[in-house]
Amino acid sequence: MKRHIIGLLLAVIALTACDIEHSANGHLDGYWQLTQMDTLASGQSADMTESTIYWAVQHHLLEMKKHNETVKNVFFRFEHSDATLRIYNPISDNKAISDSVVTSPLTLQPFGIQHLDETLAVEQLTSGRMVLRNELFRFHFRKY
């Protein structure tokens, strides 16, 4: 009987000690590589597989990164629904000095983002593929 009480107490302590956070992002969570970018006005498409642009999505943050020395990573807060992905409050990742709030949309243009607070249409989102669209571009991603 003593073992059952001790076991029950340990189980209660273990369950109350853990605070499990759950992400409701579904297929959006993960590491995405930009593979193609379409210009909506001209209908032209560009192969972006060599561009080294990646989006990493986890819980409440979206990170855009380009693996080179000139473009800094940018973190966003985001809101996701079935049809839209709103990204806002961009923060530039400057490891050498300090993170800073992005105040100019020009900082975001290497990623195809036009505004500091932008809503993209979600055209497709599966476990391995994502297609988003803003006013100028359609972005095609594959998940790693």
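Residues numbered from 1 in each chain as written. Predicted model: local features only at pLDDT ≥ 70, side-chain atom pairs only at ≥ 80, totals over all residues. Heavy atoms only, no water.

1. Some thoughts on the overall build of the protein
Which entries qualify depends on this criterion: Each helix corresponds to a stretch of at least 4 residues labelled H or I by DSSP, and each strand to a stretch of at least 2 residues labelled E; elements are numbered beginning at the N terminus. Should any heavy atoms of two residues lie within 4.5 Å, those residues are counted as being in contact. Methods summary: accessible areas were calculated by the Shrake-Rupley approach with a probe of 1.4 Å, and residue burial reflects only the protein chains presented.
Per the secondary structure count, the protein includes 1 helix and 10 strands. Within the protein, contacts between residues separated by at least 24 positions form 44% of all contacts whose residues are at least 6 apart in sequence. Working note: accessible area of the protein is about 9,100 Å², and carbon and sulfur atoms make up 56% of it.

2. Section: the pairing of strand E1 (residues 30-39)
Here is the rule we go by: Strands pair, by our definition, only if DSSP identifies at least two bridges between them.
Where E1 meets strand E3 (residues 53-58), 4 bridges bridge the pair, whose relative direction is antiparallel. Bridging across to E3, Trp32 finds its partner in Trp55. In the sheet, E1 pairs with strand E10 (residues 137-143) via 7 bridges, with the strands oriented antiparallel. The residue bridging Thr39 from the neighbouring strand is Phe137, located in E10. The pairing of E1 with strand E2 (residues 45-47) spans 3 bridges and is classified as antiparallel. In the strand pairing of E2, Met37 is matched with Ala46.

3. Some thoughts on the environment of Ala41
Here Ala41 is to be found in the loop between E1 and E2. A C-alpha to C-alpha distance of 9.3 Å links Ala41 and Glu135, two positions 94 residues apart in sequence.

4. Details of the pattern of salt bridges
What counts, and what does not: Counted as salt bridges are all cases of a side-chain nitrogen of Lys or Arg within 4 Å of a carboxyl oxygen of Asp or Glu. Exposed residues in this analysis have more than 50% of their type's maximum accessible area, buried residues have under 20%, and partly exposed residues fall in between, with area computed by a 1.4 Å probe over protein chains only.
Per the stated rule, a full pass over the model turns up 5 salt bridges. Glu63 is paired through a salt bridge with Lys65; the nearest N and O atoms lie 3.7 Å apart. Taking relative accessible area as the criterion, Glu63 reaches 13% and is therefore assigned buried. According to the relative accessible area criterion, Lys65 is buried, its value standing at 16%. Between Glu79 and Arg86 there is a salt bridge; the shortest N-O distance is 3.1 Å. According to the relative accessible area criterion, Glu79 is partly exposed, its value standing at 40%.

5. With respect to the side chain of Asn73
Condition: Think of a polar contact as two N or O atoms within 3.5 Å of one another; within protein, one of them needs to be a possible hydrogen donor and the other a possible acceptor, and neighboring residues in sequence only count if both atoms come from side chains.
One can find Asn73 in strand E5 (residues 73-80). A distance of 3.0 Å separates polar atoms of two side chains, one belonging to Asn73 and the other to Glu63. Dropping the residues within four chain positions of it, Asn73 is found in contact with Glu63, Met64, Lys65, Lys66, Ile91, Ser92, Asp93 and Lys95.

6. Points about the side chain of Asn134
Its location among the elements puts Asn134 in the loop between strand E9 (129-133) and E10. We classify Asn134 as buried; its relative accessible area is 5%. Looking at Asn134, its side chain comes within polar contact range of the main-chain nitrogen of Leu136, at 3.0 Å. Excluding anything up to four places from it in sequence, Asn134 contacts Leu40, Gly112, Ile113, Gln114, Glu118, Leu120 and Phe139.

7. Some details on the nonpolar core
To be explicit about the condition: Take the buried Ala, Val, Leu, Ile, Met, Phe, Trp, Tyr and Cys residues and link them wherever side-chain atoms come within 4.5 Å; each set so joined is a nonpolar core.
By size, the foremost hydrophobic cluster in this structure holds 27 residues, and its most contacted members are Trp55, Leu62, Leu85, Ile87 and Leu132. Elements that contribute at least two residues to this core include exactly E1, E3, strand E4 (61-66), E5, strand E6 (84-93), strand E8 (118-125), E9 and E10. Leaving out residues up to four positions away in the same chain, Leu85 has contacts with Leu28, Trp55, Leu62, Phe78, Glu79, His80, Glu118, Thr119, Leu120, Val122 and Leu132.

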